[in-house]
Amino acid sequence: GPGDSHWSYEEPERWGEHYLACSGTMQSPINIETEKTIFSPQLRPIQLSGYSLPASKKLKLKNNGHTVVLELPESLAITGGSAQQYRAVQLHLHWGSPTTAGSEHTVNGKRFAAELHVVHYNTKYDSFKAAVAQPDGLAVLGAFLEVGPRENPFYQEILKHLRKIQGEDEEVLVPGFNIAGLLPDSLHLYFRYNGSLTTPPCFQSVTWTVFNQTVMLSHDQISVLVTSLQYDYGKPLQNNFRPPQGLHKRWVLASFE
Ligand SMILES: NS(=O)(=O)c1c(F)c(F)c(SCCc2ccc(C(=O)O)cc2)c(F)c1NC1CCCCCCC1
Ligand SMILES: [Zn+2]
């Protein structure tokens, strides 16, 4: 993978020793203090296009040793509540363990069971690689996952394959499905701030959209997520979240009052 990541989630405070951006002042994730957010009516609903993929479209699902990544075709696009268009790159998850929650962002100090990230790049750049280090290069949609009473059929399209990619660097092709089903129903209620990748190289190139409404998965689905994957030959891949970073001079905007 990029830069052959010898970093780990055991010592995130040491990432800056090898990746200078990780010590920056616009880092992610953050704790969102809702009382300090600013209502911004110009933040329009997020619009998805091309998110519903036929089963005939095969997508690569990979355990990269840090998370499970579903590669996405560039035909998926969003207008991120502004005029700018972004194209999809990949989606992945952050989670905890059977006894701990694992979202990256927190809200008023609350950590959720898990967090989905859908990574996109700004179409003003002609490739993801050209965009990844630009201040306006990336847009990541973040959604919190919680335990609810019913199985979520959309997450099942990913979770049912995890036992086939238990080991680091294992990958499998999975049938396409409606990727929008992984996101909350209401795409008009979200927090917005400027931040970074939450993993080395920590580039400060991400316009973050963190949805206010959560997504519900069954207890068994969350259990499959937190127990299926391994890294470094047999270590459980768990608690793959970076702790909250300082807000410094940033403000968090809200699309709602
Ligand atoms: N929250 S996040 O978006 O910052 C993020 C993480 F927190 C992540 F932890 C990850 S996975 C770690 C980076 C990585 C390692 C190996 C490989 C590979 O072998 O293919 C690929 C990537 C991860 F992939 C991402 N997203 C990536 C950022 C890393 C480099 C560019 C790839 C697209 C977005
Ligand atoms: Zn992520």
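Here we summarise the structure given alongside this text. (Residues numbered from 1 in each chain as written. Chains lettered and ligands numbered in written order. Predicted model: local features only at pLDDT ≥ 70, side-chain atom pairs only at ≥ 80, totals over all residues. Heavy atoms only, no water.)

1. What about the nonpolar core?
Nonpolar side chains in soluble globular proteins tend to end up buried together.
Thought 1: Core analysis: the biggest nonpolar cluster contains 45 residues, and L70, L116 and I179 have the highest contact counts within it.
Thought 2: Broken down by element, this core gets its largest block of residues, five residues, from strand β7 (residues 85–95).
Thought 3: Dropping the residues within four chain positions of it, L116 is found in contact with L91, H92, L93, L141, G142, A143, L145, Y155, L182 and L183. (Core = buried A, V, L, I, M, F, W, Y, C linked by side-chain atoms within 4.5 Å. Buried < 20%, exposed > 50% of the residue type's maximum accessible area, 1.4 Å probe, protein only. Helix = DSSP H or I, 4+ residues; strand = E, 2+ residues; numbered from the N terminus. Contact = heavy atoms within 4.5 Å.)

2. What to know about the coordination of the zinc ion (ligand 2)
Note on metal geometry: ideal angles are 109.5 degrees for four donors arranged tetrahedrally and 90 or 180 degrees for six donors arranged octahedrally.
Thought 1: Ligation of the zinc ion (ligand 2) by protein atoms is provided by H92 (NE2), H94 (NE2) and H117 (ND1), these donors lying 2.0 to 2.1 Å from the ion.
Thought 2: Coordination at the zinc ion (ligand 2) is tetrahedral: its four donor atoms span angles of 98 to 117° at the metal.
Thought 3: Taken in chain order, the donor set of the zinc ion (ligand 2) reads H-x1-H-x22-H. One end of the pair, H92, is in strand β7; the other, H117, is in strand β10 (residues 114–122), and 25 residues separate them in sequence. Taken as a pair, H92 and H117 share a single burial class, namely buried. (Donors = N, O, S within 2.8 Å, 3.2 Å for Na, K, Ca; no water. Tetrahedral: all angles 85-135°; square planar, octahedral: opposite > 155°, others 65-115°.)

3. Details of the sheet that holds strand β1 (residues 31–32)
Thought 1: With respect to topology, three strands assemble into an open sheet ordered β1-β8-β9, the strand pairing being mixed. Two strands in the sheet have a free side with no partner beyond their single neighbour: β1 and β9 (110–111). (Pairing = 2+ DSSP bridges.)

4. Section: the pairing of strand β13 (residues 190–195)
Thought 1: Counting buried positions along β13 gives five out of six residues, so the element sits mostly inside the fold.
Thought 2: The sheet contact formed by β13 and strand β18 (residues 253–254) spans two bridges and is antiparallel. Residue pairing across strands places R192 opposite L253, the latter belonging to β18.

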